[in-house]
Amino acid sequence: MAQASSAVSINRRKRFVSLPFRGFVVTLAVILLRFVPINVSAAARRQPPQQQLPQKLRFGRNGEFKILQVADMHYADGKTTPCLDVLPHQVHGCSDLNTSAFIQRMIQAEKPNFIVFTGDNIFGFDATDSTKSLNAAFAPAIAAGIPWAAVLGNHDQEGTLSREGVMKHIVGLKHTMSQFNPSEAHIIDGFGNYNLEVGGVEGSGFANKSVLNLYFLDSGDYSTVPGIPGYGWIKPSQQLWFQRTSAKLQRAYMSPPNVQKSSAPGLVYFHIPLPEFASFDSSNFTGVRQEGISSASVNSGFFTTIVEAGDAKAVFTGHDHLNDFCGQLMGIQLCYAGGFGYHAYGKAGWSRRARLVVASLEKTEKGGWGAVKSIKTWKRLDDQHLTAIDGHVLWSKNSAGKDRLL
């Protein structure tokens, strides 16, 4: 756990001072959640912006699909924006450009098939022009020509663009697979709820099936419900969309051609951690916990929704920059990425980091590529050697539910 003084600093930079958690807040929240109508913005009722999506995601010829997760860049104005919480000898010349350089190093070293930005992509308060900041933040991914997707955090909209405006801008950028909202959901809260399908190896029996499903949700920014303090949460309308999408994908996977007996694995990405992230201690997670779990003060039940859906194997978030652990609860891996950006709060001497996930396919009896057999993860530090740490298996088809070191 971080010291009390550093905790105050962390909350200051998050622009939210958490109120004490009390039992009556939870009770009140549950009651209000039952009666408060879905907050549907005018934008959610309109058709999402049209966009030209890149080529379909699919596994490579090597039978792998690698995802780079970038959490909390907090990008602002580039070289004029200073770094936070770095060692004294690192201060001079340190800026947002260090964040960009880290992304470039990660792309060169790991050659990911896909990049996911999990919110607080820019730090709106310090961004003179949010459009320019967004362009600069995603520029390394765009320049590399790698497909990428993003969700919103609680700071992206605090500049010159609204939350709606930020997501509209993101979906118009090159090589992005981000979506404004699902076209089939006429009423849904937030901006940036969507799913992506990852097809099997081209030419294989799974080429036309989604063997890995990716879900992206807007976890909100701050509560708008009177009597419920703190951060936002994933609303009932979003959970309903997730349930329906999961069920549809599972039906398709277990239907002809090439009928499968169980669902394809799913991965879920959003910004603010669920309250269930607080279920772990140092004895049952891989990584570190150096600050509190800054989830919403109400439990929306989304974790239960994920468990009931049955296909998701892991959840990936950001928000709490000094936490980078993964822990398993009821068969679901709950993972932080750790802070990536240099204008985000951190801890001097504790390297910025990124999380990698790789899904690997099994070999069929005929020697071709089949379904996903395992999902592994590790992190890389932005040090001299891009040191890889905490590698372990998140999920294995043959030993589901067991967490093993690589």
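Preceding this section is the structure that the text describes.
This text gives an overview of the structure that appears in the document. (Residues numbered from 1 in each chain as written. Predicted model: local features only at pLDDT ≥ 70, side-chain atom pairs only at ≥ 80, totals over all residues. Heavy atoms only, no water.)

### Remarks on helix α5 (residues 130-144)
Then comes step 1: Given a rise of 1.5 Å per residue, 15 residues ought to cover 21 Å, and the 22 Å separating the end C-alpha atoms of α5 matches this to within 8%.
Then comes step 2: A bend of about 55 degrees at F138 is the largest found in α5, and the proline P140 appears one to four places after it.
Then comes step 3: Of the surrounding elements, those touching the buried residues of α5 are α4 (96-110), β2 (114-118), β3 (148-151) and α6 (163-171).
Then comes step 4: Remark: G145 follows α5 within two positions and exhibits a positive phi of approximately 70 degrees. (Helix = DSSP H or I, 4+ residues; strand = E, 2+ residues; numbered from the N terminus. Expected span 1.5 Å × (residues − 1). Bend = angle between axes of the 7 residues up to and from the residue. Contact = heavy atoms within 4.5 Å.)

### So, helix α8 (residues 302-309)
Then comes step 1: Those residues of α8 that sit buried are F302, F303, T305, I306 and A309. Projected onto a plane normal to the axis of α8, the buried residues spread over an arc of 160 degrees and lie on a single side.
Then comes step 2: Turning to α8, the residues buried within the fold contact α7 (236-253), β6 (266-269), β8 (312-317), β9 (326-329) and β10 (332-336).
Then comes step 3: One or two residues past the end of α8 sits G310, with phi positive at roughly 95 degrees. (Buried < 20%, exposed > 50% of the residue type's maximum accessible area, 1.4 Å probe, protein only. Arc of directions from axis to C-beta.)

### Considerations on the side chain of T377
Then comes step 1: The residue T377 is located in strand β12 (residues 369-381) in this model.
Then comes step 2: Within polar-contact distance, the side chain of T377 engages the side chain of R355 at 2.9 Å.
Then comes step 3: Here L356 takes part through its backbone oxygen, which lies 2.7 Å from a polar atom of the side chain of T377. (Polar contact = N/O pair within 3.5 Å; in protein donor to acceptor, adjacent residues only side chain to side chain.)

### Some words on the pattern of salt bridges
Then comes step 1: Counted under the stated rule, the structure contains nine salt bridges.
Then comes step 2: Ionic pairing is found between D390 and K379, a salt bridge with its closest N-O pair at 2.8 Å. Placement of the pair is D390 in strand β13 (residues 388-396) and K379 in strand β12, with a sequence separation of 11 residues.
Then comes step 3: Residue classification places D390 among the partly exposed residues on the basis of a relative accessible area of 28%.
Then comes step 4: It is possible to trace a salt-bridge network through shared partners that takes in D324, R353, K379 and D390. (Salt bridge = Lys/Arg side-chain N within 4 Å of Asp/Glu carboxyl O.)

### Let's talk about the packing of α4 against α5
Then comes step 1: One way to put it is that α4 packs onto α5 with a least axis distance of 9 Å and a crossing angle of 25 degrees. Judged by the inter-axis angle, α4 sits roughly parallel to α5. Where α4 crosses over α5, the two elements pack in a sense that is right-handed. Contacts from S100, I103, Q104 and I107 in α4 reach A136, A137, P140, A141 and A144 in α5. (Axes fitted to C-alpha atoms, helices over the stretch in contact; angles between N-to-C directions. Parallel < 35°, antiparallel > 145°, perpendicular 65-115°, else oblique. Left-handed = near helix turned anticlockwise from the far one by under 90°.)

### Quick notes on the sheet that holds β9
Then comes step 1: With mixed pairing, seven strands are arranged side by side in an open sheet as β4-β5-β6-β8-β10-β9-β7. Strand pairing shows two members of the sheet lacking a second neighbour, β4 (194-199) and β7 (285-286), which therefore form its edges.
Then comes step 2: In terms of strand pairing, β9 meets β10 through four bridges, oriented antiparallel. Looking at β10, one finds that C326 is bridged to C335.
Then comes step 3: Of the strands in this sheet, β4, β5 (210-216) and β6 are in contact with α7, which crosses β5 at around 175 degrees. (Pairing = 2+ DSSP bridges.)

### A word on the environment of W395
Then comes step 1: Considering the arrangement of structural elements, one finds W395 in strand β13.
Then comes step 2: On a C-alpha basis, the gap between W395 and S374 in space is 5.6 Å, while along the polypeptide they are 21 residues apart.

### Notes on the pairing of strand β1 (residues 64-70)
Then comes step 1: Within β1, six of the seven residues are buried, which leaves it mostly tucked inside the rest of the structure.
Then comes step 2: Relative to strand β11 (residues 353-363), β1 runs antiparallel, the two being bridged by six bridges. Within β11, the position partnered with F65 by the bridge is A359.
Then comes step 3: Here β1 pairs with β2 via four bridges, running parallel. By the bridge assignment, Q69 is partnered in β2 with V116.
Then comes step 4: Crossover handedness for the path β1 to α4 to β2: right-handed. (Right-handed = clockwise from strand over helix to strand, strands pointing away.)

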